[in-house]
Amino acid sequence: ARTGAGLERVMPTAVALGDGFFLRIGTGELNRVLHAAWDRQPPPGGRRPARLYYATQLSGGPPRIMLFWSGGELHFSYLRYLENALRGAFPLAGVPIRFIMRGKRERSA
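Now for a look at the structure at hand. All figures in this text were calculated on a predicted structure; none of them were measured in a lab. (Residues numbered from 1 in each chain as written. Predicted model: local features only at pLDDT ≥ 70, side-chain atom pairs only at ≥ 80, totals over all residues. Heavy atoms only, no water.)

### Details of the pairing of strand S2 (residues 64-70)
Right, so step 1: Buried residues dominate S2, accounting for 5 of its 7 residues.
Right, so step 2: Of the pairings in the sheet, the one linking strand S1 (residues 51-59) to S2 comprises 7 bridges and is antiparallel in character. Looking across to S2, one finds that Gln57 is bridged to Ile65.
Right, so step 3: Once S1 ends, the chain turns through 4 residues before running back antiparallel as S2, passing Gly61 with a positive phi of about 75°.
Right, so step 4: Of the pairings in the sheet, the one linking S2 to strand S3 (residues 98-103) comprises 6 bridges and is parallel in character. (Buried < 20%, exposed > 50% of the residue type's maximum accessible area, 1.4 Å probe, protein only. Helix = DSSP H or I, 4+ residues; strand = E, 2+ residues; numbered from the N terminus. Pairing = 2+ DSSP bridges.)

Right, here's the structure in full:
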C-alpha cells in the first residue's frame, strides 16, 4: 500500500466489486434466472413439491432478493445453489447476496 505495488490489479477489481454491490436486476431477468435454476434442480421436498412463485430485488448494497414460494424452510445449501446461479448470470462475483424468504401460509383444515 505504501509503495503502490500491485495497484493496477487491485483498483479494477475494487471497481468491479463496487459495481456488483450496487447492481439493480430487473424483476423479469431475476425471475428467468431463478426459475431456470429451480426447474433444473428443484429443492428436495416432502410430500408436496415446493414452487417458486416469483422473486424481486429489494435493494442493492448488498443485493437483497425476496423469494415468494410455497413450502417450508429451504436448506442453506439450496440457497447457495440459487446464489451461484445468480453469480453465473450477473456480475456478482465476490458480492454478498441476501435472500429474504416469504412462504405461502399453510391453511388449516
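Continuing now.
### Digging into the nonpolar core
Right, so step 1: Among the nonpolar cores identified, the biggest contains 22 residues, and Leu34, Trp38, Ile65, Leu67, Leu82, Leu86 and Phe99 are the most heavily contacted of them.
Right, so step 2: For this core, the secondary-structure elements that each account for two or more residues are helix H2 (27-40), S1, S2 and helix H3 (76-89).
Right, so step 3: Each residue touching Leu34, except ones within four places of it in the same chain, is listed here: Leu52, Ala55, Ile65, Leu67, Leu82 and Leu86. (Core = buried A, V, L, I, M, F, W, Y, C linked by side-chain atoms within 4.5 Å. Contact = heavy atoms within 4.5 Å.)

### Topic: the environment of Ile25
Right, so step 1: Secondary-structure assignment places Ile25 in the loop between helix H1 (7-21) and H2.
Right, so step 2: Note: C-alpha distance between Ile25 and Ser59 (34 residues apart in sequence) is 9.5 Å.
Right, so step 3: Those residues in contact with Ile25 that sit more than four places away from it in its chain are Leu30, Gln57, Phe90 and Leu92.

### Here we look at H3
Right, so step 1: Spanning 14 residues, H3 covers 20 Å between terminal C-alpha atoms, matching the ideal 20 Å at 1.5 Å per step.
Right, so step 2: Along H3, the positions that sit buried rather than exposed are Tyr78, Leu79, Leu82, Glu83, Ala85 and Leu86. The arc that holds every buried residue of H3, seen down its axis, measures 155°, which confines them to one face. Pointing more than 90 degrees away from the buried face of H3 are the exposed residues Phe76 and Gly88.
Right, so step 3: In this structure, the buried side of H3 is in contact with H2, S2 and S3. (Expected span 1.5 Å × (residues − 1). Arc of directions from axis to C-beta.)

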